[in-house]
Amino acid sequence: MSTTEAPQRPEPGAAPRIPRGWAALVGVLSVAAALAAGQLVAGLLSPASSPYLAVGDTVIRFSPQWLTEFAKAAFGTADKPVLLAGMAVVIAVVAALAGLASRRRPGPGVVVVAVLGVLGFVAVLFAPVFAPVDVLAPTAALVVGVGVFRWLHARALPSTAGPAEASGGLTRRALLVRSSLAVALGSAAAGVGGVLLGRGVGDSRQAVTARLAALPVDRAPAIPPTAALPELGTPTFLTPNADFYRIDVALRIPDETADAWSMRIHGMVENELELTFDDLLRRPLVERTITMTCVSNPVGGDLISTANFVGVDLRELLLEAGVRPGADQAFSTSVDGWYTGTPVDVLMEPDRGALLAIGMNGEALPPEHGFPVRMVVPGLYGFVSATKWIVDMELTTFAAKAGYWLERGWAEKAPIKTQSRIDSPRGFASLPAGRVTVAGIAWSQPDGISRVEVRVDGGAWREAELATEVSGDTWRMWRADLDLGPGSHTVQSRATDANGVTQTDVPAEPIPDGASGYPAVLFSVA
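Just so it is clear, the model here is predicted, and its values are computed rather than measured. (Residues numbered from 1 in each chain as written. Predicted model: local features only at pLDDT ≥ 70, side-chain atom pairs only at ≥ 80, totals over all residues. Heavy atoms only, no water.)

(A) Main features of the packing of aromatic side chains. Considering all chains together, one arrives at eleven aromatic pairs under this definition. The interplanar angle of 25° and the centroid separation of 5.8 Å between the aromatic rings of Phe331 and Tyr339 together place this pair among those described as stacked. A relative accessible area of 8% places Phe331 in the buried class. An aromatic cluster is defined as three or more aromatic residues linked by ring pairs; in this entry it consists of Phe331, Trp338, Tyr339, Phe383, Tyr404, Trp405 and Trp410. Directly above the ring of Tyr404 sits Arg408, whose terminal nitrogen or CZ lies 3.7 Å from the centroid. (Phe/Tyr/Trp six-rings, centres within 6.5 Å; stacked < 30°, edge-to-face > 60°. Buried < 20%, exposed > 50% of the residue type's maximum accessible area, 1.4 Å probe, protein only. Lys NZ or Arg CZ within 6 Å of the ring centre and 35° of its normal.)

The following block contains the structure:
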């Protein structure tokens, strides 16, 4: 029977049964109410305790590497919304089936809703970061889900008094419609709770931006206008914060404020340090122009960006702490429990320029890029060097502890490989005959680029013209003017670093230590 048909009075001696459409709706509404309750309580008390997001985090933590890489390749930076949407679809289907299994009695549906609630509870309980208050959100979700299912089920059963009767004289249709509205309002309330909580972070960022503008900062050299070639199709030299690539495993952006932030530097050190945000602001602040690269960036990919970062020199902090002999790893942890290890010898290089960063392109760090504090280390792929929302650093050894991605088979130290990219012309472009300008970027942090070469259709390499160099820590733009005849053409590029080492033509996948090979673009000339 469809939901638009009037329910029939049960035959004498037959147990009453909910119509299929209503039964499925009872299941979906009950689980939706549970999720809304859990999200609302989490938003008000402990955002990390959202059972929905905790389950998503668990899926990410235990996903096999091939699935993780497939998600990045297929969905890019939209992999997290896709995961959450997929979870919502699966949960809705399970909820509907639970309702259909409970057309006569509530038992099967109650069991399914309870199992979903327990899964959320376990995901929160065994999350990387857990506090006793975190049990409240999954508990609320479990209680509300079971309670709402039993309540709706009792009122959705056909009444022996007549097909239009339900609790309080309402028709069953009116009752379920009002229940749907109530769940929608509850979900909206959960969202509002999260927004109100996020306002504290927004206010904190504004305050930090204002303080950074008033404090003395050792500024990076101005970027000359001849350092970039955006008119030829390359990026602008500095990447706007909104366009800066984002790759991490966080489903929920942490909401730590600057006033609440603190960080320990401990382990194999002579003097443990406990830092607050005000402690950082009282130290010498330096601005550095740094290009960051993700190890997941394929040949020719766009997971690379450049910004002016402001922060405290990390080497100076480690010198103050006094790193003991034998400590070869700085094991850093995020506020949400993510962790990685960075080679100590790299951090202690006098000219490496590693930072505890608090500012980015003239403002406080955006929340999605690590506010209030993150690590930035030139020359290493981000998965071993760029901990966002950092709250702890332990000096230890690689033998004693393994980082998140090292546990999954990725590289231990991961220096950035020399690479280049062709930005113009675009693949499969159709261009007029004559002179064609090829342009792109190249990078080899922290050494810098000394030469870029291009070749057409597998011919001889010819040297490209380099834009002005800013530093070895940043990308470098290049261009080459080619006279090409009609037909299809393939252009390739290769870069050479400041030490005379040329990027390899041996293709390699991004994992475990970065992609390699020559980028190539196919286009046609009319």
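(B) View of empty space enclosed by the protein. Considering all chains together, one arrives at three cavities of 30 Å³ or more under this definition. The space that makes up the largest cavity amounts to roughly 70 Å³. Here the residues of the lining of the largest cavity are counted per class, giving five nonpolar, four polar and no charged. Here the second largest cavity defines a volume of roughly 50 Å³. Taken together, Gln329, Thr340, Gly341, Phe383, Val384, Phe398, Gly403, Trp405, Leu406, Ala411 and Glu412 make up the lining of the second largest cavity. (1 Å grid on protein atoms, 1.4 Å probe; cavity = no way out; pocket = protein on both sides within 12 Å on 5 of 7 lines; lining within 4 Å. Points joined across faces, edges and corners; volume = space filled by probe spheres on them. Nonpolar A, V, L, I, M, F, W, Y, C, P; charged D, E, K, R; others polar.)

(C) Geometry of the side chain of Glu287. With respect to the helices and strands, the residue Glu287 is situated in strand 4 (residues 285-293). Under the relative-accessibility criterion, Glu287 is labelled buried at 11%. Within the structure, the side chain of Glu287 is placed 3.4 Å from the side chain of Arg219, a separation counted as a polar contact. At 3.1 Å, the side chain of Glu287 and the backbone nitrogen of Ala220 are in polar contact. The contact partners of Glu287, leaving out residues within four places of it in the chain, are Val217, Asp218, Arg219, Ala220, Asn308, Phe309 and Val310. (Helix = DSSP H or I, 4+ residues; strand = E, 2+ residues; numbered from the N terminus. Polar contact = N/O pair within 3.5 Å; in protein donor to acceptor, adjacent residues only side chain to side chain. Contact = heavy atoms within 4.5 Å.)

(D) Inspection of the sheet that holds strand 15 (residues 449-456) at higher detail. Pairing within the open sheet is mixed, and its five strands lie in the order 13-20-19-15-16. If you trace the sheet from one side to the other, it starts and ends with strand 13 (430-431) and strand 16 (462-463), each paired once. Looking at chain direction, strand 15 and strand 16 are connected through two bridges and run antiparallel. Bridging across to strand 16, Val454 finds its partner in Arg462. (Pairing = 2+ DSSP bridges.)

(E) Local environment of helix 9 (residues 314-321). For helix 9, the complete set of buried residues consists of Leu314, Leu317, Leu318 and Ala321. Each buried residue of helix 9 sits inside an arc of 95° when the element is viewed along its axis, so together they form one side. Capping of helix 9 at its N-terminal end is provided by Asp313; its side-chain oxygen lies 2.9 Å from the backbone amide nitrogen of Arg315. Of the residues flanking the end of helix 9, it is Gly322, one or two places downstream, whose phi is positive at about 75°. (Arc of directions from axis to C-beta.)

(F) Representation of the layout of surface pockets in the model. Its volume calculated, the largest pocket comes out at about 770 Å³. Surrounding the largest pocket, 40 residues form its lining, Lys72, Asp79, Lys80, Asp248 and Val249 being those nearest its centre. Those elements that place two or more of their residues in the lining of the largest pocket are helix 2 (51-62), helix 3 (65-75), helix 4 (79-100) and strand 4. In terms of residue class, the lining of the largest pocket is made up of 23 nonpolar, nine polar and eight charged. What the second largest pocket holds in volume is close to 520 Å³. For the second largest pocket, the lining is made up of 27 residues, of which Ala48, Val129, Arg252, Asp336 and Gly337 are closest to its centre. Ranked by residues supplied to the lining of the second largest pocket, first place goes to helix 2 with four residues. Classifying every residue of the lining of the second largest pocket gives 17 nonpolar, two polar and eight charged.

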